[in-house]
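What follows is each chain in one-letter form.
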Amino acid sequence: MADDVREEPHVFPLGRKPGEMLFCTLMLVLGGLLIAAIGWETTWLEGKRLSAQPRFWPTISLVGVVLFAGLNWLSRSKVERTPGRWAEAGIWLRSLEYVGWYLLYVWAIPLIGYLPATVIFCAGLTLRLGYRGRAVWAAIGFALFVVLFFKSAMNVKIPGGALYQLAPEGLRYILLRYF
Amino acid sequence: MELLSSSIDLIARWDVMAALLIGSIGGVIVGGLPGVGAAVAIAIVLPVTFSLEPIVGLTALLGIYGSSMFGGAIPAILVNTPGTPVNALTTYDGYPMTLRGEGQRALSLAYSASFYGAIFSIVALMFLAPVLASIAPMFGSREIFLAALLGITLVIITHRGQVLAAGMLASVGIFLQTIGIEPSAYTQRFTFGLGWLQSGINLIVVVLGLFAVSQALVLFMDKDKPIKLPDVGRPKVLEQVRDFWVFKRVATVGSGFGVICGMIPGVGEFMSQFMSYAYAQRTSKTPELFGKGNPEGIVASEAANNSVPAAAMIPLLALGIPGEELTAMMLAVFYVHNVVPGPQLFANQMDFVLALYLCLLLLNIIVVVFLFFATSTLMKAMTIPNRFLGMMILTFSLIGVYSLRNSLTDVAIASGFGVFGFILKRLDYPTSPIILGIVLGKLMEDKLRTAMARVTTPWEFIDRPIAFILFTMIVIAVLFQGWTIIQARRERASKVSDV
């Protein structure tokens, strides 16, 4: 098989991945529901030509989603399946844990400030990923670099933390402006 | 000559040079890290460039775009893992050469071929620029609509084996750009009464979600793979450049494929390197060695993919039509600064266009010099564990999303697209059709509305020469795809009957 691939370069997948049919079904259902909502989620303006109707492009695109998803579903259903559909769906759901970490990080920035939030996020996530020792210190170093480069040097617009208001006046300005 | 001196004036500034240096070296490093790639890096850096002047911001992005493939060749050759997806073919011959103890030679060939391809495309485009400047004003609303439609069509049909999935995802992209208050009659579309949907879904938020957040999730759910780096020794620059020169025919043809494929929206690096590799194999004296460490394979692949970035800037600058996701992201920088790419830019601000090409030329010189002397240092970055890299990407991506409007909603939307992109990557589905669907969908909606107000019959829509050519190309592309499907079915049927 490996030799076949080398003789005829082919980086695109040939088999059916676990969860592919589930994904196609979800897309088909979502596309169908959105098409059903076109009547009240878009407007038809009397006297305007078709190409200028606000409803025209949502309809074209959603029909495209349903049509291609349906055809994809049909064509993939003929390919030999790889077992593990629900295990794959489990992996999709497990990824939400990291999304949770991410949202928590963003939520914390206006409260405790960019520097502390970034240090806690990087170190915490590194520990969660199973790294210990030097890796955690590397994560803290990385967090400091990110804050110093983007917020302090590049002046990227990220709000100061409410916690910084508790600092003495001179220090407060520095914290709000640079960290 | 006056044009050239005006272009040099535009870039002869410390901030442009700093952006060029940071972008090009940063691009090489990012390209050399498997699992990051130019798309992730550009998505992260993009919002930061909004506060810079267009030439500075674009130079930084061009630096990353133009140099990442140089860096991507390093892990492709040394550890059989392409740094960026377009270096995949380089692994076929690069890694076997490393196993034979010829890693340094393979790297040098890759750098030389990449440099040759890039310079070839820049020179070719400098000669083509006056021609393009004269053609660009012939593009009106209907031509731009048809060119965008051609772009979408090609994006879909060039995803061999995934045409239906690419069609579905391009349609998703076109739908996403319709959400919010539409700019013509100011009616709401698919806002579901939610205030935050009224302004639509921001392209940058989608880009960061689909490329950066999703990639971090991919790395988190993966296992760390220990990387054992081979000792490649010290480079012998002159000797290795002479070694490359033996393969100049393959490099020239490969670069030609790159220029042509780069200029056609939706085609890009993959197609060019396949064509180049197939040509090199067909015309080689040792075709049986392809895939087993034939230097021609590396030269063909790297020359072709590195000649694409300069060429891909052509439809973007001349017509405002991005051919793939990276140029789609760059389009955002133009819009933020109210610089409208298109025929007018090409006709009136040729010095700006030429300045960008000069930047591309400089970045290639910087990168190749950097690589010949810093490869062994750069190789150390490849040992960063996957999941630690995921943490770094997620931290960087926050800067992009959150600095836009300090909005938690934007971050939540980016996270949603991150999970969507993660699922797509798990399924090996392409993400670029979504981005191109968003950008080209908006363009098609605007231009069709304008064009249809001026035509009375369907024939009138294509009665101008360029419109007719574009329409014919779309028809040919669709018919060709249909023919390919029928051929594939016949082949399958004959195989089944043989069995």
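Keep in mind it's a predicted model, so treat the numbers as computed, not measured. Going along each chain's sequence as written, the residues are numbered from 1 onward. Labels are handed out in written order, letters beginning with A for the chains and numbers beginning with 1 for the ligands. Since the coordinates come from a predicted model, pLDDT governs what is reported: local features require at least 70, and pairs of side-chain atoms require 80 or more to be given and counted, while whole-chain, interface and lining totals use all residues.

### Some words on the overall build of chain A
Link 1 in the chain: Looking only at helices and strands, one finds nine helices and zero strands in chain A.
Link 2 in the chain: Secondary structure elements are defined from DSSP: runs of H or I of at least 4 residues count as helices, runs of E of at least 2 residues count as strands, and each element is numbered from the N terminus. Secondary structure elements in chain A, listed N-terminal to C-terminal, are α-α-α-α-α-α-α-α-α.
Link 3 in the chain: C-alpha atoms define the radius of gyration, and 2.2 Å times the number of residues to the power 0.38 defines the globule rule. Relative to the compact-globule value of 16 Å for 179 residues, chain A shows a C-alpha radius of gyration of 25 Å, a clear excess of over 25%.
Link 4 in the chain: Along the three orthogonal principal directions, the C-alpha set of chain A runs to about 65 × 60 × 30 Å.
Link 5 in the chain: The exposure label follows from counting other C-beta atoms within 10 Å of a residue's C-beta, where the C-beta atoms are placed from the backbone and the thresholds are 20 or more for buried and 12 or fewer for exposed, leaving partly exposed in between. Within chain A, the fraction of its 179 residues that count as buried is 28%.
Link 6 in the chain: Counted over contacts in chain A with a minimum sequence separation of 6, partners at least 24 positions apart contribute 67%. C-beta atoms are placed from the backbone for every residue, and two residues are taken to be in contact when these atoms lie within 7 Å.

### Things to note about the overall build of chain B
Link 1 in the chain: Looking only at helices and strands, chain B has 22 helices and two strands in total.
Link 2 in the chain: Expressed along its principal axes, the backbone C-alpha trace of chain B runs to roughly 65 × 60 × 55 Å.
Link 3 in the chain: Each of the 499 residues in chain B was classed as buried or not, and the buried ones make up 59%.
Link 4 in the chain: The long-range fraction of contacts in chain B, counting pairs at least 24 apart against all pairs at least 6 apart in sequence, stands at 79%.

### Quick look at the domain arrangement of chain B
Residue and element names in this part refer to chain B.
Link 1 in the chain: Per the annotation, domain bounds derive from an automatic or database assignment of domains. Partitioning chain B into structural domains gives domain 1 (2-454) and domain 2 (460-499).
Link 2 in the chain: For domain 1 and domain 2, the distance between their C-alpha centres works out to 27 Å.
Link 3 in the chain: Counting from both sides, the interface comprises 13 residues of domain 1 and, opposite them, 10 residues of domain 2.
Link 4 in the chain: A total of nine residues in the side of domain 1 that touches domain 2 trace back to one element, the largest contributor, which is helix H7 (residues 141-157).
Link 5 in the chain: Amino acids are sorted into nonpolar (Ala, Val, Leu, Ile, Met, Phe, Trp, Tyr, Cys and Pro), charged (Asp, Glu, Lys and Arg) and polar (every other residue, Gly among them). When grouped by side-chain class, the residues that make up the side of domain 1 that touches domain 2 number 10 nonpolar, one polar and two charged.

### Overview of the interface of chain A and chain B
Link 1 in the chain: On the side of chain B, 56 residues touch chain A, which itself brings 61 residues to the contact.
Link 2 in the chain: Those elements giving two or more residues to the side of chain A that touches chain B turn out to be helix H1 (2-7), helix H2 (20-36), helix H4 (56-77), helix H5 (85-94), helix H6 (96-112), helix H7 (114-128) and helix H8 (134-153) of chain A.
Link 3 in the chain: The element best represented in the side of chain A that touches chain B is H4(A), accounting for 11 residues.
Link 4 in the chain: Among the residues making up the side of chain A that touches chain B, the classes are represented as 41 nonpolar, 11 polar and nine charged.

### Description of the environment of Leu125(B)
Residues and elements named next belong to chain B.
Link 1 in the chain: Take Leu-125: it is sitting in helix H6 (residues 103-135).
Link 2 in the chain: On the neighbour-count criterion, Leu-125 (23 C-beta atoms within 10 Å) is buried.
Link 3 in the chain: Along the chain, Leu-125 and Ala-185 lie 60 residues apart, while their C-alpha atoms are 41 Å from each other.
Link 4 in the chain: What Leu-125 contacts, discounting residues up to four positions off in sequence, is Ala-310, Ala-311, Ile-314 and Tyr-357.

### Section: the domain arrangement of chain A
Link 1 in the chain: For chain A, the assigned domains read domain 1 (2-91) and domain 2 (95-178).
Link 2 in the chain: The C-alpha centroid of domain 2 of chain A is placed 39 Å from the C-alpha centroid of domain 1 of chain A.

### Examining the environment of Leu424(B)
Residue and element names in this part refer to chain B.
Link 1 in the chain: By the secondary structure assignment, Leu-424 is in helix H19 (residues 408-426).
Link 2 in the chain: Judged by local crowding, Leu-424 falls into the buried class, with 20 C-beta atoms found within 10 Å.
Link 3 in the chain: The spacing of Leu-424 and Leu-169 is 255 residues in sequence and 9.8 Å in space, taken between C-alpha atoms.
Link 4 in the chain: Ignoring any residue separated from it by four or fewer positions in sequence, one finds Leu-424 in contact with Tyr-429 and Thr-431.

### Here we look at unusual backbone geometry
Residues and elements named next belong to chain B.
Link 1 in the chain: Positioned with a positive phi, Phe-190 is a non-glycine residue whose angle comes to about 50°.
Link 2 in the chain: Summarising the element assignment, Phe-190 is placed in the loop between strand S2 (188-189) and helix H9 (203-221).
Link 3 in the chain: Of note, the phi angle at Asp-428 is positive, near 60°, even though the residue is not glycine.
Link 4 in the chain: Mapped onto the secondary structure, Asp-428 falls in the loop between H19 and helix H20 (432-452).

### As for the confidence of the model for chain A
All names here are of chain A.
Link 1 in the chain: On a range of 0 to 100, pLDDT expresses the predictor's confidence in each residue. The predicted model of chain A has a mean per-residue pLDDT of 86, with 92% of residues at 70 or higher.
Link 2 in the chain: Element-level mean pLDDT values for chain A span from 41 in H1 up to 94 in H7.
Link 3 in the chain: Low confidence marks residues 1-12, where pLDDT is under 50. Its contacts with residues over four positions away, or in another chain, come to 12 contacts.

### Examining the nonpolar core
Residue and element names in this part refer to chain B.
Link 1 in the chain: Ranked by internal contacts, the top residues of the largest apolar core, which has 211 residues, are Ile-42, Ala-43, Leu-61, Ala-148, Val-207, Val-299 and Leu-356.
Link 2 in the chain: At 16 residues, the largest contribution of residues to this core is made by helix H17 (residues 350-381).
Link 3 in the chain: Those residues in contact with Ala-43 that sit more than four places away from it in its chain are Val-207, Leu-208, Phe-211, Ala-212, Met-329 and Gly-400. Any set of buried Ala, Val, Leu, Ile, Met, Phe, Trp, Tyr and Cys residues joined through C-beta atoms within 7 Å is what this text calls a nonpolar core.

### A few points about the environment of His337(B)
Link 1 in the chain: Within the secondary structure layout, His337(B) lies in the loop between helix H15 (325-336) and helix H16 (343-348).
Link 2 in the chain: Separated by 205 residues in the primary sequence, His337(B) and Leu132(B) place their C-alpha atoms 24 Å from one another.

### Details of the packing of H6(A) against H7(A)
Residue and element names in this part refer to chain A.
Link 1 in the chain: With axes taken as lines fitted to C-alpha atoms, and helix axes fitted only over the stretch in contact, angles between N-to-C directions fall between 0 and 180 degrees. At their nearest, the axes of H6 and H7 sit 7 Å apart, and the two run at 155° to each other. Relative to H7, the element H6 is oriented roughly antiparallel. Crossing of H6 against H7: the hand is right-handed. Together, Trp-101, Tyr-105, Ala-108, Ile-109 and Ile-112 of H6 and Tyr-114, Pro-116, Ala-117, Phe-121 and Leu-125 of H7 make up the contact between the two elements.
Link 2 in the chain: Its residues placed into classes, the contact of H6 with H7 shows 10 nonpolar, no polar and no charged. If an angle is under 35 degrees, it is roughly parallel; if it is over 145, roughly antiparallel; if it lies from 65 to 115, roughly perpendicular; otherwise it is oblique. Handedness of a crossing follows from how the near helix is turned relative to the far one, being left-handed for an anticlockwise turn of less than a right angle and right-handed for a clockwise one.

### Focus on the packing of H7(B) against helix H8 (residues 163-178) of chain B
Residue and element names in this part refer to chain B.
Link 1 in the chain: Two elements in contact, H7 and H8, have axes separated by 7 Å at closest approach and are oriented at 140°. Between H7 and H8, the crossing angle belongs to the class labelled oblique. Residues Ile-152, Val-155, Ile-156 and Ile-157 of H7 pack against Val-163, Ala-166, Gly-167 and Ala-170 of H8.
Link 2 in the chain: Residue classes in the contact of H7 with H8 are distributed as seven nonpolar, one polar and no charged.

### Some points on the confidence of the model for chain B
Link 1 in the chain: Taken residue by residue, chain B gives an average pLDDT of 84. The fraction at 70 or more is 97%.
Link 2 in the chain: Element-level mean pLDDT values for chain B span from 74 in H16(B) up to 93 in H8(B).

### Focus: helix H18 (residues 386-405) of chain B
All names here are of chain B.
Link 1 in the chain: Given a helix with a known number of residues, its expected span is that number minus one, times 1.5 Å. Its 20 residues place the ends of H18 30 Å apart at the C-alpha level, agreeing with the 28 Å of an ideal helix rising 1.5 Å per residue.
Link 2 in the chain: A large share of H18 lies buried, amounting to 17 of its 20 residues.
Link 3 in the chain: Backbone geometry just after H18 places Asn-406 at a positive phi near 50°.

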